[in-house]
Every structure is written in structure tokens, then in C-alpha cells.
Amino acid sequence: NYDLSGFMQGYWHSDSLQFITRSGITYGWENMLHHYIQAYPDKVSMGILEFSQLQIKELSSDYCFVSGNWQISRKTGVTGGSFTLLFKKMDERWQIVIDHTD
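What you see is a predicted model; the values in this text were computed from it and never measured.

K.L.:
Honestly, the pairing of strand S2 (residues 24-27) in this entry has me stumped. Any pointers?
P.N.:
Every other side chain in a regular strand lies on the same face of the sheet, so the side chains alternate between the two faces. By the bridge criterion, 4 bridges tie strand S1 (residues 18-21) to S2 in an arrangement that is antiparallel. The partner of Phe 19 across the bridge, within S2, is Thr 26. Linking S1 to S2, which pair antiparallel, is a turn of 2 residues.

This is the structure:
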């Protein structure tokens, strides 16, 4: 299913959201969604996303740190890397506030 807006529901809908990649830091939910739309304009380019070696560390009752590896498989090949996420609990919901993906 090709639903980037649905994928983004786990992210903090704020201009303060940080998305860190080799290209630099992108701020804001809308800017991050735009980045994903450019990178994955259709279902074929999106491929199948899988995560592995997940580690979750609770930092406090309101913060959690998650790390692991990601892999996208598509007809043109496989790509992947690692990531770290900082989650914050807001209104009884865990939201990603910083995503560092390499």
C-alpha cells in the first residue's frame, strides 16, 4: 500500500520535527513528507520496507530511543542503512521527534 501520509502519522506533526540524513537536517513534518514524496513518488519506487536489529531504550517515562537497520527491496535492487529515533510521549501517544537515518 502506497500511503506516505499514513507512514508519517508516527511523526510529530510540528515544524520542530528533525529529520537528519547525509544531506543535512530537514525541519518540519510537511518538509519531511515532501522529502519522502520526492524520494518515493510511487509504490514501485517505495518498494518493501523492513527493519532489523531493533533496540529500544527507555530514557524516561516520556522519552524513548530506538535504533536499528532498515532495508528497502525493489525490482531495481536493495538499499538500506541504519537509523536512530527519539520518541516523545505526548497526549498518551508516542511520536518521533528526531529521526536520524543513514
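K.L.:
Can you help me understand the nonpolar core in this one?
P.N.:
Here is a general trend for soluble globular proteins: nonpolar side chains tend to be buried in one another's company. Judged by nonpolar contacts, the single largest core of 19 residues is most densely connected at Met 8, Tyr 11, Met 32 and Tyr 36. In contact with Met 32, not counting residues within four places along its chain, are Met 8, Tyr 11, Leu 17, Phe 19, Thr 26 and Asp 99.

K.L.:
When you look at the sheet that holds strand S4 (residues 63-74) in this model, what are you seeing that I'm missing?
P.N.:
In a beta sheet, neighbouring strands pair by backbone hydrogen bonds and run either parallel or antiparallel. Read across the sheet, 6 strands follow the order S2-S1-S6-S5-S4-S3 without closing on themselves; strand pairing throughout is mixed. Where the open sheet ends on each side, the last strands, each with one partner, are S2 and strand S3 (48-58). Across the sheet, the mean angle separating the axes of adjacent strands is 25° when strand polarity is ignored. Inspection of the sheet shows S3 paired to S4 by 9 bridges, in the antiparallel sense. Looking across to S4, one finds that Gln 55 is bridged to Ser 67.

Rules behind the numbers
Residues numbered from 1 in each chain as written. Predicted model: local features only at pLDDT ≥ 70, side-chain atom pairs only at ≥ 80, totals over all residues. Heavy atoms only, no water. Pairing = 2+ DSSP bridges. Helix = DSSP H or I, 4+ residues; strand = E, 2+ residues; numbered from the N terminus. Core = buried A, V, L, I, M, F, W, Y, C linked by side-chain atoms within 4.5 Å. Buried < 20%, exposed > 50% of the residue type's maximum accessible area, 1.4 Å probe, protein only. Contact = heavy atoms within 4.5 Å. Axes fitted to C-alpha atoms, helices over the stretch in contact; angles between N-to-C directions.

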